[in-house]
Amino acid sequence: MSVNADQVRHVARLARLALGNDEIDRMVPELNNILGWVEQLGEVDTDGVEPLTAVIENHLRLRDDVVNDGNVRDDILENAPDAQHGFFAVPKVIE
Amino acid sequence: MSELTLKTITELREGFRGGDFSAREIAEAFNAAVVAGRQLNAYTVETPELALEAADAADRDRTTNSLKPLSGIPLGIKDLFATVGVDSTSGSNILKGFKPTYESTVSGNLKAAGAGMLGKLNMDEFAMGSSNETSAYGPVMSPWKRNDGGNAALTPGGSSGGSAAAVSAGLAPGVTGTDTGGSIRQPAAFTGISGIKPTYGRCSRWGIVAFASSLDQAGPMARTVRDCAIMLEAMAGFDPKDATSLNLPVPQWEAGLTTDLRGKKVGIPKEYRIDGVPDEINAIWDQGIEWLKDAGAEVVQISLPHTKYALPTYYIIAPAEASSNLARYDGVRYGLRDTPEGGNLDAMYAATRAAGFGAEVKRRIMIGTYVLSAGFYDAYFTKAQKVRTLIKRDFAEAFKQCDLILTPTAPSAAFGLNEKMADPLAMYLNDVFAVPASLAGLPAMSVPGGLDSQGLPLGIHLIGRELDEQGVLNAGLAIEERAGFTHRPKRWW
């Protein structure tokens, strides 16, 4: 499988990356080069092989079922580019 | 430079405890070395006041006989670790100015053990790179030069390039690194120091900026194997804040060190003899085999049949996880925000990310997004996870015949800056020997073996069974004793 400029533009849109046309054009061969290389995995017979989910056997723990907002609102907002009235502020989303 | 900056953590601990020098003297010596070493670009932030503060506490604790394991030892911390009140930017413009209000578990553990912090260490952006050249702060210079009379600037390796350069140049006696696909071991090899990536889950990932969560592990880098054992003991431990943290006691690795390898079997994987690798790399590998035999180990030939598929597997899984992890950098909660004139929220996301991420990070986000996208997920991501199962199974089979695996760390000595930046695949191939152990979550270590004909360090790589850091450290120490590697880069900075 290889990708063309339109597909790269689509992926950039999915990834929320504003890429210019020249960046897209540069990426097409780069991505195809990498994708072509990883496709050698097609040679490996993986019939009946389970995909790996946990690299080291571990049991997922349960925490106590209690509501806890951490009480760290100001810490969380500390590094926000724009915080107002105890919230993250963003450009208007409703016209 | 002060004699103190030439000492190992072990020697500093001994001298400080014995009253030969104070913790303040140690901190002042390293603070001065950090300033004198600015040309190397190893540190992104210097925190001399924090080093002194911890030193003064250590000196006080010495008078009251309440010393902690790392009292008096100043360390460098890779910029990937969140450190409270100190810029933590992961080598990226998108996190410029980010000052965490919390401390990563691992750096917090080191501080609780009495260690001071000299500063934050330069690295490849979000740990994506093998040469430290993708950093928004510019590349780190290796303190090493070739002996050909030229003055070519060399890479210290990556992604923990600042960490490696700092230890090698005496700008810190020990440092933290992180390893996703070789980022502790390859830079350790390139700069003639030691570094260990423990079993996945030994060190908490909490507060370490996530790159590929199923692979990321923190570990120490230092001048000696014993120093690594001392640091790892302080760094490791169960943390309820990391869902993959292993709830196991931390072994006393330092006390358990021995170089008597009688009864141990060391496996040599035939698939690691690959075409195009310089003879000197194979020669240092063969030398390592002889040293382990001399320490009493028995050497057996083993096979890890899926070795050649490890890198392509990694370059699906790591970018896939990265594209997901890096979705959080959207200009809302921290770091950079770029809002185009009249742009909506979506335009802000896309502009912020385009402005904040460098080329390699964008490339990996694109690859990761593509392999996870509708219609391609099974062909790429699920396939890679299946091959990862086979790679893990290869190791499980091999460890039925041996206790440890010995290989070279990297397929070359340090290369020059700009030598591989134009060709991502050539850069990726640098981690060919390091990546399989990462995919299997196994403890692995690089120790210096010797110098090549150009006078550059070469590393020897040991891989152990899961949770057998002790076996890896012991074999590393056996090599260290026999290699007698005391070379230091000649000071030019």
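As the structure is a prediction and not an experimental result, all values here were calculated from the model.

Okay, the overall build of chain B next. Scanning chain B from N- to C-terminus turns up 15 helices and eleven strands. Computed over the C-alpha atoms, the radius of gyration of chain B is 21 Å, within 12% of the 23 Å expected from 2.2 N^0.38 for a compact globule of 493 residues. Per-residue burial for chain B yields a buried fraction of 63% across its 493 residues.

The next thing to look at is the UniProt feature "active site" (unreviewed entry) in chain B. All names here are of chain B. If you check UniProt for "active site" (unreviewed entry), the listed places come out as K78, S159 and S183 in our numbering. A maximum C-alpha distance of 11.3 Å places the annotated residues, which cover 106 residues in sequence, within one compact spot. Positionally, S183 belongs in the loop between β4 (174-179) and α6 (185-191). By C-beta crowding, S183 is classed as buried, having 37 other C-beta atoms within 10 Å.

All names here are of chain B. Counting residues in each nonpolar core, the largest one holds 168 residues, and the members touching the most others are F30, A166 and L292. Per element, the largest residue contribution to this core is nine residues, and it comes from helix α9 (residues 310-325). Among residues more than four places away in sequence, those in contact with L292 are L261, V266, A297, V299, L406, A475, A478 and I479.

All names here are of chain B. For strand β11 (residues 457-464), a buried count of eight out of eight residues is recorded, marking the element as mostly surrounded by other parts of the structure. Inspection of the sheet shows strand β9 (residues 404-408) paired to β11 by five bridges, in the antiparallel sense. Note that in β11 the partner of T407 across the bridge is H461. Bridge count for strand β10 (residues 444-451) against β11 is seven bridges, and the pairing is antiparallel. Along β11, the bridge assignment pairs G450 with L458. Counted along the chain from β10 to the antiparallel partner β11, the turn is five residues long, and its residue G455 has a positive phi close to 85°.

Before going further, it helps to spend a moment on the UniProt feature "domain: Amidase" (unreviewed entry) in chain B. Residues given the UniProt feature "domain: Amidase" (unreviewed entry) here are residues 35-473 of chain B. Here residues 35-473 of chain B runs as 33% helix and 14% strand, with 33 Å between its end C-alpha atoms.

The relative placement of two packed helices is expressed as an angle between their axes plus a distance between the axes. Running from amino to carboxyl end, helix α2 (residues 21-38) of chain A crosses helix α11 (residues 359-372) of chain B at an angle of 60°, the nearest separation of the two axes being 11 Å. Viewed along their axes, α2 of chain A and α11 of chain B adopt a mutual orientation that is oblique. For the crossing formed where α2 of chain A meets α11 of chain B, the hand is right-handed. Touching M27, E30, L31 and I34 of chain A of α2 of chain A are R363, M366 and I367 of chain B, all from α11 of chain B. Residues of the contact of α2 of chain A with α11 of chain B, tallied by class, amount to five nonpolar, no polar and two charged.

Next up on the list: the interface of chain B and chain A. Accessible area lost on assembly of the parts is the figure often given for the size of an interface. Counting from both sides, the interface comprises 55 residues of chain B and, opposite them, 36 residues of chain A. Of all the elements in the fold, those that place two or more residues in the side of chain B that touches chain A are α9, α10 (345-356), α11, α12 (377-398) and α13 (424-428) of chain B. A breakdown of the residues in the side of chain B that touches chain A according to their chemical character gives 26 nonpolar, 18 polar and eleven charged.

Moving on to the environment of E125 of chain B. Residues and elements named next belong to chain B. Here E125 is to be found in the loop between β3 (116-121) and α5 (161-168). A C-alpha to C-alpha distance of 4.5 Å links E125 and G91, two positions 34 residues apart in sequence. What E125 contacts, discounting residues up to four positions off in sequence, is S90, G91, S92, T134, S135, A136, G358, E360 and V361.

All right, on to unusual backbone geometry then. Here the bond from G158 of chain B into S159 of chain B is cis, since omega is 10°, no more than 30 degrees from zero. The topology assignment puts S159 of chain B in the loop between β3 and α5. With phi around 55°, H85 of chain A is a residue other than glycine that occupies positive phi space. Using a count of 5 C-beta atoms within 10 Å as the deciding quantity, one classes H85 of chain A as exposed. Backbone geometry places N418 of chain B, a non-glycine residue, at a positive phi of 75°. Within the secondary structure, N418 of chain B sits in the loop between β9 and α13. Here N418 of chain B falls in the partly exposed class, since 13 other C-beta atoms lie within 10 Å of it.

Attention now moves to α11 of chain B. With 14 residues, α11 of chain B extends 20 Å between its outermost C-alpha atoms, agreeing within 8% with the 20 Å of an ideal straight helix rising 1.5 Å per residue. Those residues of α11 of chain B lying buried are V361, K362, R363, R364, I365, M366, I367, G368, T369, Y370 and V371 of chain B. Buried residues in α11 of chain B make contact with α1 (5-14) and α2 of chain A together with α9, α12 and α13 of chain B.

A word on the confidence of the model for chain A. For chain A, mean pLDDT is 93; residues scoring 70 or higher make up 99% of the total. Least confident of the elements in chain A is helix α3 (residues 73-77) of chain A, whose mean pLDDT is 95; most confident is α1 of chain A, at 97.

Thresholds, definitions, all that
Residues numbered from 1 in each chain as written. Chains lettered and ligands numbered in written order. Predicted model: local features only at pLDDT ≥ 70, side-chain atom pairs only at ≥ 80, totals over all residues. Helix = DSSP H or I, 4+ residues; strand = E, 2+ residues; numbered from the N terminus. Rg over C-alpha atoms; globule rule 2.2 N^0.38 Å. Buried ≥ 20, exposed ≤ 12 C-beta atoms within 10 Å, placed from the backbone. UniProt positions renumbered as here; feature names shortened; annotations may be inferred. Core = buried A, V, L, I, M, F, W, Y, C linked by C-beta atoms within 7 Å. Contact = placed C-beta atoms within 7 Å. Pairing = 2+ DSSP bridges. Axes fitted to C-alpha atoms, helices over the stretch in contact; angles between N-to-C directions. Parallel < 35°, antiparallel > 145°, perpendicular 65-115°, else oblique. Left-handed = near helix turned anticlockwise from the far one by under 90°. Nonpolar A, V, L, I, M, F, W, Y, C, P; charged D, E, K, R; others polar. Expected span 1.5 Å × (residues − 1). pLDDT = per-residue confidence, 0-100.

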